[in-house]
Amino acid sequence: MESVQKVSQDLSLAKQKISEQLEPTVPEEFKKDILTKLRGGFFLVLGYLLSPLCWWNDLLFNLPIAYGFGYICSLLSPKLLIPGSIIGYWLTNIVGILLMQVGSADIFQKESKERNLKKELLTGLVSSTVFTLVVIVLMQLKILDAPALFSNN
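Model, not experiment: these values are computed from the prediction.

Engineer: So what exactly am I meant to see when it comes to the pattern of salt bridges here?
Structural biologist: Any two side chains of opposite charge can pair, on the condition that their charged atoms come close. Taken as a whole, this structure holds one salt bridge when the rule is applied. Residue Arg-39 pairs with Asp-106 through a salt bridge whose shortest N-O separation is 2.9 Å. Within this pair, whereas Arg-39 is found in helix α2 (residues 28-50), its partner Asp-106 is found in helix α4 (residues 81-108), the two being separated by 67 residues in sequence. According to the relative accessible area criterion, Arg-39 is partly exposed, its value standing at 40%. We classify Asp-106 as buried; its relative accessible area is 8%.

This is how it looks when you write it as structure tokens:
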């Protein structure tokens, strides 16, 4: 009788050990990695929608944000509506490029390293400025056609 009880205890211990070994153990590092990649994907998509790389975003995202920024500037002086809107539009492009950089770093970097915010901001500022200057040059060379927003007709 004792041997039957001992065997049943041994079986229950073995069953418990096997169930512990078979339990899916997801390491905390894996969960953190997944959350980082999801956050990076969100920033990448949001940055793309705000960046100058997306051709249809201006009407839905950038121009309303830029107009809101210009409107806030126009509360100080009515003459600041257009310059404030232009600056707001430029800022949306910079924020979009920076968000894309942060998102792509979260997704594609293997090991997480310390970010240099000044370097990322400078890179976004320079790339947006270069993009703006290229568009201005293309408009001056009549390669791109500018809308007649400010014509007196």
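Engineer: Explain the packing of α4 against helix α5 (residues 117-140) here, please?
Structural biologist: What describes two packed helices is the angle between their axes and the distance between those same axes. At a minimum axis distance of 9 Å, the contact between α4 and α5 shows a crossing angle of 130°. The angle between α4 and α5 places the two elements in the oblique class. α4 and α5 meet at a crossing whose hand is right-handed. Between α4 and α5, the contacting residues are Trp-90, Asn-93, Ile-94, Ile-97, Leu-98, Gln-101 and Val-102 on the first element and Glu-120, Leu-121, Thr-123, Gly-124, Leu-125, Ser-127, Ser-128, Thr-129 and Thr-132 on the second. When the residues that make up the contact of α4 with α5 are grouped by side-chain class, the tally is seven nonpolar, eight polar and one charged.

Engineer: Could you clarify how one ought to interpret the packing of aromatic side chains in this entry?
Structural biologist: Think of a pair of aromatic rings as described by two things: how far the centres are apart, and how the planes are tilted against each other in angle. By the definition in use, this model includes one aromatic pair. Ring geometry for Phe-42 versus Phe-43: centroids 6.0 Å apart, planes at 45°, classification tilted. Phe-42 gets classed as exposed once you look at its relative accessible area, which sits at 53%. On the basis of relative accessibility, which here comes to 23%, the residue Phe-43 falls in the partly exposed class.

Engineer: Would you mind showing me how to read the side chain of Asn-57 here?
Structural biologist: Here Asn-57 lies in helix α3 (residues 57-74). Assessed through its relative accessible area of 0%, Asn-57 is described here as buried. Excluding its chain neighbours within four sequence positions, the residues that come into contact with Asn-57 are Tyr-48, Leu-49, Leu-50, Ser-51 and Asn-62.

Engineer: Looking at this structure, I do not really get the packing of α3 against α4. What am I missing?
Structural biologist: Interhelical geometry of α3 versus α4 gives an angle of 135° and a closest axis separation of 7 Å. On the basis of their axis angle, the class for α3 and α4 is oblique. Handedness of the crossing formed by α3 with α4: right-handed. Touching Asp-58, Asn-62, Leu-63, Ile-65, Ala-66, Tyr-67, Phe-69, Gly-70, Tyr-71, Cys-73 and Ser-74 of α3 are Leu-81, Gly-84, Ser-85, Ile-87, Gly-88, Tyr-89, Leu-91, Thr-92 and Asn-93, all from α4. Residue classes in the contact of α3 with α4 are distributed as 11 nonpolar, eight polar and one charged.

Engineer: Mind showing me how you'd approach the environment of Leu-46 here?
Structural biologist: Checked against the element boundaries, Leu-46 lands in helix α2. Between the alpha carbons of Leu-46 and Val-95 there is a distance of 9.6 Å; along the sequence they are 49 residues apart.

Engineer: Any chance you could explain a nonpolar patch on the surface here in plain terms?
Structural biologist: On the surface, a nonpolar cluster with roughly 640 Å² of combined accessible area is contributed by Trp-55, Trp-56, Leu-59, Leu-60 and Leu-63. Tracing the chain through its elements places Leu-60 in helix α3. Assessed through its relative accessible area of 53%, Leu-60 is described here as exposed.

Engineer: Could you clarify how one ought to interpret the confidence of the model for the chain in this entry?
Structural biologist: Low pLDDT means the predicted coordinates in that region are not meant to be read closely. Summary statistics for the chain give a mean pLDDT of 80 and a share of 76% for residues scoring 70 or more. Looking over the chain, one finds the lowest element-wise mean pLDDT in helix α1 (residues 2-22), namely 65, and the highest in α3, namely 91.

What counts and what doesn't
- Residues numbered from 1 in each chain as written.
- Predicted model: local features only at pLDDT ≥ 70, side-chain atom pairs only at ≥ 80, totals over all residues.
- Heavy atoms only, no water.
- Salt bridge = Lys/Arg side-chain N within 4 Å of Asp/Glu carboxyl O.
- Helix = DSSP H or I, 4+ residues; strand = E, 2+ residues; numbered from the N terminus.
- Buried < 20%, exposed > 50% of the residue type's maximum accessible area, 1.4 Å probe, protein only.
- Axes fitted to C-alpha atoms, helices over the stretch in contact; angles between N-to-C directions.
- Parallel < 35°, antiparallel > 145°, perpendicular 65-115°, else oblique.
- Left-handed = near helix turned anticlockwise from the far one by under 90°.
- Contact = heavy atoms within 4.5 Å.
- Nonpolar A, V, L, I, M, F, W, Y, C, P; charged D, E, K, R; others polar.
- Phe/Tyr/Trp six-rings, centres within 6.5 Å; stacked < 30°, edge-to-face > 60°.
- Patch = residues over 30% accessible without salt bridge, like charges linked within 9 Å, V, L, I, M, F, W, Y side chains within 5 Å.
- Areas by Shrake-Rupley, 256 points an atom, 1.4 Å probe, with all protein chains shown as cover.
- pLDDT = per-residue confidence, 0-100.

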